[in-house]
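Overview (structure and organization)
The lines below spell out each chain.
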Amino acid sequence: MSHLVQNMAYSGETPWHQLGNRLPAKQPIEIWAEKAGMDWSICEAPVRYMTEQIGSLGSLRSFDEQKVLYRSDTKAPLSVVSERYQVVQPKAILEFYRDLTEVSGFELETAGVLKEGKKFWALARTGKETKLKGDDAINGYILLATSCDGTLATTATPTTIRLVCNNTLSIALKGASSAIKVPHSTSFDAQAVKKQLGIAVSQWDSFMYRMKTLSERKVKSHESLNYFLKVLCQTDDHDNQPSGLKNERALKTVQSLYDGHGRGAQLASANGTAWGLLCAVTEFVDHEKRARSQGHRLDSAWFGQGANLISGKITRSSSDVIFALPDRNRSLSKN
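Right, let's walk through the structure included here. (Residues numbered from 1 in each chain as written. Predicted model: local features only at pLDDT ≥ 70, side-chain atom pairs only at ≥ 80, totals over all residues. Heavy atoms only, no water.)

Describing the packing of aromatic side chains
Counted under the stated rule, the structure contains five aromatic pairs. Seen in terms of ring centroids, Trp40 and Phe120 are 6.1 Å apart; in terms of plane orientation they differ by 85°. Their pairing is edge-to-face. With Trp40 in the loop between α1 (29–35) and β3 (42–50) and Phe120 in strand β7 (residues 119–132), this pair connects stretches of sequence that are 80 residues apart. Given the relative accessible area of 3%, Trp40 is considered buried. Relative accessible area serves as the criterion here: at 0%, Phe120 is assigned to the buried category. Measuring from ring centre to ring centre gives 6.2 Å for Phe96 and Phe188, while their planes differ by 40°; the resulting arrangement is tilted. One end of the pair, Phe96, is in the loop between α2 (90–95) and α3 (98–102); the other, Phe188, is in the loop between β13 (180–182) and α4 (190–202), with 92 residues separating them in the sequence. A cation over a ring is seen here: Lys194 above Phe96, with NZ or CZ 5.0 Å from the ring centre. (Phe/Tyr/Trp six-rings, centres within 6.5 Å; stacked < 30°, edge-to-face > 60°. Helix = DSSP H or I, 4+ residues; strand = E, 2+ residues; numbered from the N terminus. Buried < 20%, exposed > 50% of the residue type's maximum accessible area, 1.4 Å probe, protein only. Lys NZ or Arg CZ within 6 Å of the ring centre and 35° of its normal.)

This is the structure we're talking about:
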């Protein structure tokens, strides 16, 4: 089975997906581009087609409304897109972090290429960090990713990683995801995105206050079951538990993670708390949800179905931390 991750580099501890080439800390952008497989460009060519044959050759014509994108190194095709499609180059994703790493104290930790070049990303640590009770450490990151096949806008996402289990959780502000998305119908302005990200990163303390509130909110057994039923099985508080639940396997797995078998589940911050509920769901998405390969798991957790479940689900008010985290109407069965 082929891996979804074509190339990847990382610095520091081996990532949870066990993929990539390890680099020493604080390498220049040029080294990252080489080792992460991002030292190539996206080229453009007109769409051409052959009409009726004239002798042995035929008539070659162009379709001006679309163009072919292909790799400069291998000449492999990437996609066919609209003539108006604005390309973001792999090196532009890394260049986004140059001043952040050289001046602002950020440090690149992973970068790589998915789907043979159709999608690529870089993840940098911001220097923001905190600890919940029980020495449960959480670090802040910025994830920047894009695609050249229309499946992903150029997206900058403030995110956190819980060190004990490498769970990822996008920072949410006022109940909504703080991700900044630039559609490919417009040009990518790195400086404008950084200004918007500055607002999101400045909300770190507020976000972590809400996470600490979750870690202090004790949860009863029936509350945890109702929470997981809502998130995974699309049930309602007033419904009796149906026979043949959707995602019954997922439900049992997440309950087991929450009940002490998950990474860090025994820490004081997570044991029997609302924070533990959230961690169990994110661990399921990042580590346990069925996937064809670790590369597919990474793609889902960061950019796809798993990310859609987790991101933007933090409640506005810590007084309703039990059921307001994930959207009640979104189910893993749809992912």
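There is more to say, and it comes next.
Considerations on the pattern of salt bridges
As enumerated under the stated definition, the model contains 12 salt bridges in all. Put simply, Arg125 and Glu129 hold a salt bridge, and the shortest N to O gap is 3.2 Å. Owing to a relative accessible area of 25%, Arg125 belongs among the partly exposed residues under this scheme. Glu283 serves as the salt-bridge partner of Arg263, at 2.8 Å between the closest nitrogen and oxygen. With Arg263 in the loop between α7 (248–261) and α8 (274–288) and Glu283 in helix α8, this pair connects stretches of sequence that are 20 residues apart. Of the residues examined, Arg263 reaches a relative accessible area of 38% and is grouped as partly exposed. Look at Glu283 and you get buried, because its relative accessible area is 3%. Residues participating in the shared-partner salt-bridge network are Glu30, Glu95, Arg98 and Glu102. (Salt bridge = Lys/Arg side-chain N within 4 Å of Asp/Glu carboxyl O.)

Examining α8
Its 15 residues place the ends of α8 20 Å apart at the C-alpha level, agreeing with the 21 Å of an ideal helix rising 1.5 Å per residue. Of all 15 residues that make up α8, 14 are buried, and the element is covered over most of its length. The opening residue of α8 is Thr273, an N-cap whose side-chain oxygen sits 3.4 Å from the backbone nitrogen of Trp275. (Expected span 1.5 Å × (residues − 1). Polar contact = N/O pair within 3.5 Å; in protein donor to acceptor, adjacent residues only side chain to side chain.)

Any link to function would need more than the numbers given here.
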